[in-house]
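Residue-level structure breakdown
Listed here are the chains, written in short residue letters.
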Amino acid sequence: MTNEPNKLLDVATKAAIRAGRVIKQYWGDLESSEVEQKSSWRDLVTIADKKAEELVIKTIKHRFPEHIIISEEGGGKSTEDNDSEYKWAIDPLDGTTNFRHSYPFFCTSIGVLKNNQPVAGVVYDPIHDELFTATQGQGAFLNGRRIHVSTVNALKESLLVTGFAYSVNDLQQQSMELFKKLSFHTHGVRRDGAAALDLCFVAAGRLEAFWEYGLNIWDVAAGALIVQEAGGKIANPLGKPLDLFNGQILASNELIFSELQSEIQNSVASLTKN
Ligand code: IPD
Ligand code: CA
Ligand code: CA
């Protein structure tokens, strides 16, 4: 198929914008945004997550019925068994906790993988109307304008972001220790609560780096490609081979990457010593 990544991107964009419209209908209306709990009382799902997921899946299936869909709220499970080389990794609403508290930092994330490698990705923030897009080898864009990672070259002059998954384990504790340490040795560390947007902020040069453990493919498939296409680096924070399905990610501009990765690895080493 000629121009294949662009066709995938067009459908992903259409789906993300439709999802954004639905999410905005529920935005600020906490009464109708009914809440359920998933793995714990902190892990929420709202009607907006479900309605947005329905729309995204419908849009994709209409155009690519044979593709595999992996979607956070489970709406795509029925197609997981087929052997298509294409997989769509969908987070219909990334940042549900923010959404539930009317904190305007959330998005829809749609990444398309070909043989498990991201080839197209869209992240849409409906509140600020910011659409981040990328296709493999063709750069990353924000509302149609090319974006690049920042040129800050020292960790101490960097603004960073991290996240803490709902399940708490040793690595989360290590991430919290590092959060404390880096908060006083850099320009700051944010915890913004939407991994896909965190990645896009690195791509747009608003933040120098992002790391987190315990993510899922739907959180990172689109954002990782957008960072790479913006000239950034995606790696495993602990120096293992990169596997976007294993939930551990470090995204950064090339210039501070080694310094930050050393800090992460040293803090893991000190955790195992104690
Ligand atoms: C969560 C957000 C958060 C991250 C969690 C994710 P959700 O996704 O991306 O920033 O720290 O690990 O699970 O539940 O809002 O889609
Ligand atoms: Ca998510
Ligand atoms: Ca979600």
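Just above, that's the structure.
Residues numbered from 1 in each chain as written. Chains lettered and ligands numbered in written order. Predicted model: local features only at pLDDT ≥ 70, side-chain atom pairs only at ≥ 80, totals over all residues. Heavy atoms only, no water.

With that settled, the discussion passes to the overall build of the protein chain. The helix and strand inventory of the protein chain stands at seven helices and 14 strands. A globule of 274 residues ought to have a C-alpha radius of gyration of about 19 Å, and the protein chain, at 18 Å, matches this closely. Overall, the C-alpha framework of the protein chain stretches about 50 × 45 × 35 Å when taken along its three principal axes. Counting the 274 residues in the protein chain, one finds 54% classified as buried. Within the protein chain, counting contacts between residues at least 6 apart in sequence, those at least 24 apart form 64% of the total. Of the roughly 12300 Å² of accessible surface on the protein chain, a fraction of 48% belongs to carbon and sulfur atoms. The centroid of the 27 positive side-chain charges in the protein chain is displaced by 2 Å from the centroid of its 35 negative side-chain charges. (Helix = DSSP H or I, 4+ residues; strand = E, 2+ residues; numbered from the N terminus. Rg over C-alpha atoms; globule rule 2.2 N^0.38 Å. Buried < 20%, exposed > 50% of the residue type's maximum accessible area, 1.4 Å probe, protein only. Contact = heavy atoms within 4.5 Å. Areas by Shrake-Rupley, 256 points an atom, 1.4 Å probe, with all protein chains shown as cover. Lys, Arg positive; Asp, Glu negative; His and termini not counted. Charge placed at Lys NZ, Arg CZ, Asp CG, Glu CD.)

Right, let's get into a positive patch on the surface. A cluster of basic residues, K14, R18, R21 and K58, forms a positive patch on the protein surface. In terms of residues, the positive patch owes the most to one element, helix α1 (residues 4-26), which gives three residues. By the secondary structure assignment, K14 is in helix α1. (Patch = residues over 30% accessible without salt bridge, like charges linked within 9 Å, V, L, I, M, F, W, Y side chains within 5 Å. Salt bridge = Lys/Arg side-chain N within 4 Å of Asp/Glu carboxyl O.)

Attention now goes to the coordination of the calcium ion (ligand 3). Around the calcium ion (ligand 3), the donor atoms from the protein are E72 (OE), D91 (OD), D91 (OD) and L93 (O), and they sit 2.2 to 3.2 Å away. When the donor residues of the calcium ion (ligand 3) are listed from N- to C-terminus, their spacing reads E-x18-D-x1-L. Taken as an interatomic distance, the gap from the calcium ion (ligand 3) to the calcium ion (ligand 2) is 3.8 Å; D91 donates to each of them. Taken together, the positions of E72 in the loop between β3 (68-71) and β4 (86-94) and D91 in strand β4 put the pair 19 residues apart, joining distant regions of the chain. The exposure class of E72 is partly exposed, given its relative accessible area of 22%. (Donors = N, O, S within 2.8 Å, 3.2 Å for Na, K, Ca; no water.)

Reference geometry at the metal: tetrahedral coordination by four donors gives ideal angles of 109.5 degrees; octahedral coordination by six donors gives 90 or 180 degrees. The calcium ion (ligand 2) binds to the protein through D91 (OD), D94 (OD) and D219 (OD), with metal-donor distances spanning 2.1 to 2.3 Å. Each donor residue of the calcium ion (ligand 2) lies on the same chain, and together they follow the pattern D-x2-D-x124-D.

Under the defined criterion, the tally for this structure stands at five salt bridges. Between K114 and E4 there is a salt bridge whose closest N-O contact spans 3.5 Å. Here K114, found in strand β5 (residues 107-114), pairs with E4, found in helix α1; they are 110 residues apart in sequence, far enough to count as distant. Residue classification places K114 among the partly exposed residues on the basis of a relative accessible area of 28%. Measuring nitrogen to oxygen at the nearest pair gives 2.7 Å for the salt bridge that ties K181 to E263. One end of the pair, K181, is in helix α4 (residues 170-185); the other, E263, is in helix α7 (residues 254-273), and 82 residues separate them in sequence. The exposure class assigned to K181 is partly exposed, which follows from its relative accessible area of 39%. According to the relative accessible area criterion, E263 is partly exposed, its value standing at 21%.

As a further point, take the environment of Q172. Along the chain, the position of Q172 falls in helix α4. For Q172, a relative accessible area of 5% puts it in the buried group. Remark: the alpha-carbon pair of Q172 and G214, spanning 42 residues in sequence, is separated by 8.4 Å. With sequence-adjacent residues up to four places away left out, Q172 is seen in contact with G163, F164, A165, S167 and Y213.

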